[in-house]
Amino acid sequence: MGSHLLNRIYHIVQQAIFPSKCLVCDVFFHIPDRNRDRNSFDTIADERAWPLSISAQVEISLDSCLCPGCLSDLSPVESPFCTGCGIPFTGRQGPDHYCGACLASGKQFGIARAPLVYDKVITEVIHSFKYRGKIQLAEPLSELLLTAFMFFWDIDGIDIVLPVPLHPSRLRQRGFNQAYLLIGYWPRLAARHPGDFSRIQIERDLLIRTMPTAPQSALGRDQRADNIKGAFDLADKDAVQGKNILLIDDVYTTGATVNECGRLLLDRGARQVDVLTLARAI
Ligand SMILES: [Zn+2]
Ligand SMILES: [Zn+2]
């Protein structure tokens with residue numbers, strides 16, 4: 001009997017005895033057989049035609065922690081979306097183009113992208129991750145974000161990856177920064193990718209939050225921009241000179257937070273600032 005067949009039998013038996021529990025709705029489910037020696041990123045990097053569509057990335061990254069029902073309720077961002085801020089347009093036809101908001105007001109970043117629309121299921125996933133201690137979501141979410149990065153950007157186009165920081169008082173309260181965790185697995189996952197990631201610096205402590213602010217979620221659009229103004233600084237003021245920056249956060253809502261980070265980074269000489277988040281509010 002070949003080891004491949006043994007692995008399959010092992011997977012089937014293991015899944016029958018210990019089915020997985022969905023991290024969103026708590027139902028038990030069977031992980032698809034593809035994941036028996038799960039390293040889906042190897043699958044992504046080596047076996048599949050690249051680039052994968054966003055919906056295939058979502059499925060491959062999350063099908064070991066979400067039941068098929070929750071997985072199919074997620075909404076991958078599909079074209080057409082805004083060329084600038086990445087907001088998906090409700091009409092499902094035509095090419096990508098700039099939205100009215102991007103045309104009306106200059107944003108402090110080049111492009112913003114996200115693999116998922118911020119809806120009920122991804123809100124649950126992010127809440128499980130942020131507030132209910134489901135840290136096991138960090139690796140699949142990190143993987144999804146990395147594949148989305150490779151889908152939307154040319155690896156050579158980014159020099160430094162910066163997670164949006166929490167203020168130290170908020171960090172103490174929560175125990176971790178979700179934006180750090182979202183890129184936590186990048187070095188390990190990227191090492192298996194044929195592209196050259198080694199020149200991309202991942203800087204967790206360069207962008208710092210100097211001011212505690214009220215949670216953005218409690219505020220309206222205008223208040224958010226005021227609330228976050230002047231809240232960031234750089235630990236080394238010359239570190240971004242002439243660099244292309246990728247900002248990472250969990251959710252893009254009004255863009256006030258990343259816009260404020262972008263303003264600071266461009267002030268300090270960054271050549272370009274782009275934004276990648278897990279989810280995009282519409
Ligand atoms: Zn579920
Ligand atoms: Zn836009």
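Residues numbered from 1 in each chain as written. Chains lettered and ligands numbered in written order. Predicted model: local features only at pLDDT ≥ 70, side-chain atom pairs only at ≥ 80, totals over all residues. Heavy atoms only, no water.

Attention shifts here to the overall build of the protein chain. Looking only at helices and strands, the protein chain features 12 helices and 10 strands. Relative to a compact globule of 282 residues, whose C-alpha radius of gyration would be 19 Å, the protein chain shows 19 Å and is just as compact. Considering only C-alpha atoms, the protein chain reaches an extent of 65 × 40 × 35 Å along its principal axes. In the protein chain, which comprises 282 residues, the share counted as buried stands at 49%. For the protein chain, the share of sequence-separated contacts (at least 6 apart) that also reach a separation of at least 24 residues comes to 74%. Put simply, the protein chain shows about 13200 Å² of open surface, and 52% of that area lies on carbon and sulfur atoms. (Helix = DSSP H or I, 4+ residues; strand = E, 2+ residues; numbered from the N terminus. Rg over C-alpha atoms; globule rule 2.2 N^0.38 Å. Buried < 20%, exposed > 50% of the residue type's maximum accessible area, 1.4 Å probe, protein only. Contact = heavy atoms within 4.5 Å. Areas by Shrake-Rupley, 256 points an atom, 1.4 Å probe, with all protein chains shown as cover.)

Quick look at the coordination of the zinc ion (ligand 1) now. At this site the zinc ion (ligand 1) is bound by Cys22 (SG), Cys25 (SG), Cys67 (SG) and Cys70 (SG), with donor distances of 2.3 Å. Relative to the metal, the four donor atoms surrounding the zinc ion (ligand 1) lie at angles of 105 to 116 degrees, and the coordination shape comes out tetrahedral. A residue is classified by how much of its surface remains accessible, and Cys22, at 1% relative accessible area, is buried. Relative accessible area serves as the criterion here: at 7%, Cys67 is assigned to the buried category. (Donors = N, O, S within 2.8 Å, 3.2 Å for Na, K, Ca; no water. Tetrahedral: all angles 85-135°; square planar, octahedral: opposite > 155°, others 65-115°.)

This part is about the nonpolar core. Ranked by size, the top nonpolar core spans 50 residues in total, and within it Leu66, Leu74, Phe149, Trp186, Leu246, Ile248 and Leu276 carry the most contacts. Considering every element that reaches this core, the biggest residue donor is helix α7 (residues 138-152), with nine residues. Apart from residues no more than four positions distant in its own chain, Phe149 is found in contact with Ile155, Ile158, Trp186, Phe197, Ile200, Leu246 and Leu276. With 28 residues, the next largest nonpolar core counts Ile160, Ile228, Tyr252 and Ala270 among its residues. (Core = buried A, V, L, I, M, F, W, Y, C linked by side-chain atoms within 4.5 Å.)

What follows covers the pattern of salt bridges. Proximity of charged atoms lets side chains of opposite charge pair with each other. Summed over the entire model, instances satisfying the criterion amount to eight salt bridges. When the shortest N-O distance is used, the salt bridge between Glu139 and Arg188 registers 3.1 Å. Of this pair, Glu139 sits in helix α7 while Arg188 sits in helix α10 (residues 186-191), and the two are 49 residues apart along the sequence. Under the relative-accessibility criterion, Glu139 is labelled partly exposed at 23%. Take Arg188: its relative accessible area is 43%, and that puts it in the partly exposed class. Linking Asp267 and Arg263 is a salt bridge whose minimum nitrogen-to-oxygen distance equals 3.3 Å. Of this pair, Asp267 and Arg263 both sit in helix α12 (residues 256-267), separated by four residues, roughly a single helical turn. Note on Arg263: relative accessible area 29%, which makes it partly exposed. Residues joined by salt bridges that share partners form a network here, namely Glu260, Arg263 and Asp267. (Salt bridge = Lys/Arg side-chain N within 4 Å of Asp/Glu carboxyl O.)

Here the zinc ion (ligand 2) is held by Cys82 (SG), Cys85 (SG), Cys99 (SG) and Cys102 (SG), and the distances to it run 2.3 Å. Given four donor atoms and angles of 106 to 112 degrees at the metal, the environment of the zinc ion (ligand 2) is assigned as tetrahedral. Mapping the donors of the zinc ion (ligand 2) onto the primary sequence yields the spacing C-x2-C-x13-C-x2-C. Of this pair, Cys85 sits in the loop between α4 (68-73) and α5 (100-104) while Cys102 sits in helix α5, placing them 17 residues apart in sequence. We classify Cys102 as buried; its relative accessible area is 15%.

Inspection of the secondary structure assignment puts Ala148 in helix α7. Of the residues examined, Ala148 reaches a relative accessible area of 0% and is grouped as buried. The spacing of Ala148 and Asp250 is 102 residues in sequence and 13 Å in space, taken between C-alpha atoms. With sequence-adjacent residues up to four places away left out, Ala148 is seen in contact with Gln57, Pro115 and Leu276.

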